[in-house]
Amino acid sequence: MHNHDIECCDTIEVHENILKQIDEKMPPEEKLYDLAELFKVFGDSTRIRILFVLFESEVCVCDLAQELGMTQSAISHQLKILKQSKLVKHRREGKTVYYSLADNHVYNIIAQGMEHINE
């Protein structure tokens, strides 16, 4: 057996009691699909860079474009995806539109992700 193989049980024994507990808690298929789709949004390095900037501060599209070395239209395209997934929100102040993380959940997801990779 190579060390990159997945370890498996030596016998086949289904633990019905454990599976019953899991079945009671298992969300419907659509919810799991939605969760997978949410994580796909995090699976893009440009969006992660945007989220990380917003993790640090509320900023306008001009600031994001400058900070990330991208065009405003490229930033806007990614913000639209982040907004559809309810990860960012915006507010208007005069002629400026400021973007920020949508809520503490998003803030925590990023914080925990960073914690995980820094372990």
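Our structure's up above, just so we're on the same page.
Residues numbered from 1 in each chain as written. Predicted model: local features only at pLDDT ≥ 70, side-chain atom pairs only at ≥ 80, totals over all residues. Heavy atoms only, no water.

Draft legend 1. Up close: the overall build of the protein. When its secondary structure is counted, the protein shows six helices and three strands. What you see in the protein, going N to C, is helices and strands ordered as α-α-α-β-α-α-β-β-α. At 20 Å, the protein has a C-alpha radius of gyration far larger than the 14 Å of a compact globule built from 119 residues. For the protein, the spread of C-alpha atoms along the three principal axes comes to 65 × 35 × 25 Å. (Helix = DSSP H or I, 4+ residues; strand = E, 2+ residues; numbered from the N terminus. Rg over C-alpha atoms; globule rule 2.2 N^0.38 Å.)

Draft legend 2. Representation of the packing of helix H3 (residues 45-56) against helix H4 (residues 61-68) in the model. One can describe the packing of H3 onto H4 by two numbers: an axis separation of 11 Å at closest approach and a directional angle of 120°. Accordingly, the angle class assigned to the pair H3 and H4 is oblique. Crossing angle aside, the handedness with which H3 passes H4 is right-handed. Contacts between H3 and H4 involve Arg49, Ile50 and Val53 from the first element and Leu64, Glu67 and Leu68 from the second. Among the residues forming the contact of H3 with H4, the class breakdown is four nonpolar, no polar and two charged. (Axes fitted to C-alpha atoms, helices over the stretch in contact; angles between N-to-C directions. Parallel < 35°, antiparallel > 145°, perpendicular 65-115°, else oblique. Left-handed = near helix turned anticlockwise from the far one by under 90°. Contact = heavy atoms within 4.5 Å. Nonpolar A, V, L, I, M, F, W, Y, C, P; charged D, E, K, R; others polar.)

Draft legend 3. Local environment of the sheet that holds strand S3 (residues 96-101). Taking strand neighbours across the sheet as the criterion, the three strands line up as S1-S3-S2 in an open arrangement whose pairing is antiparallel. For this open sheet the edge positions go to strand S1 (59-60) and strand S2 (88-93), each flanked by a neighbour on one side alone. For S2 and S3, the ladder comprises six bridges, and the chain directions are antiparallel. Counted as the bridge partner of arginine 92 is valine 97 from S3. Relative to S2, helix H5 (residues 72-84) is tilted by about 115°, and along the sheet it contacts S2 and S3. (Pairing = 2+ DSSP bridges.)

Draft legend 4. Focus on the nonpolar core. Ile50, Leu51, Leu64, Ile75, Leu79 and Leu82 are the most contacted members of the largest nonpolar core, which has 22 residues in total. Put simply, the parts of the chain that give this core at least two residues each are helix H2 (29-42), H3, H4, H5, S3 and helix H6 (104-118). A total of five residues in this core trace back to one element, the largest contributor, which is H3. In contact with leucine 51, not counting residues within four places along its chain, are Phe42, Leu82, Leu87, Val88, Leu101, Val106 and Ile110. (Core = buried A, V, L, I, M, F, W, Y, C linked by side-chain atoms within 4.5 Å. Buried < 20%, exposed > 50% of the residue type's maximum accessible area, 1.4 Å probe, protein only.)

Draft legend 5. Focus on the packing of aromatic side chains. Tallied over the full model, the rule gives three aromatic pairs. On the numbers, 6.2 Å between centres and 45° between planes, the contact of phenylalanine 39 with phenylalanine 42 is tilted. Taken as a pair, phenylalanine 39 and phenylalanine 42 lie in helix H2 at a separation of three residues, close to a single helical turn. Its relative accessible area of 12% is what places phenylalanine 42 among the buried residues. Consider the rings of phenylalanine 52 and phenylalanine 55, whose centres lie 5.7 Å apart with planes at 20°: the pair is stacked. (Phe/Tyr/Trp six-rings, centres within 6.5 Å; stacked < 30°, edge-to-face > 60°.)

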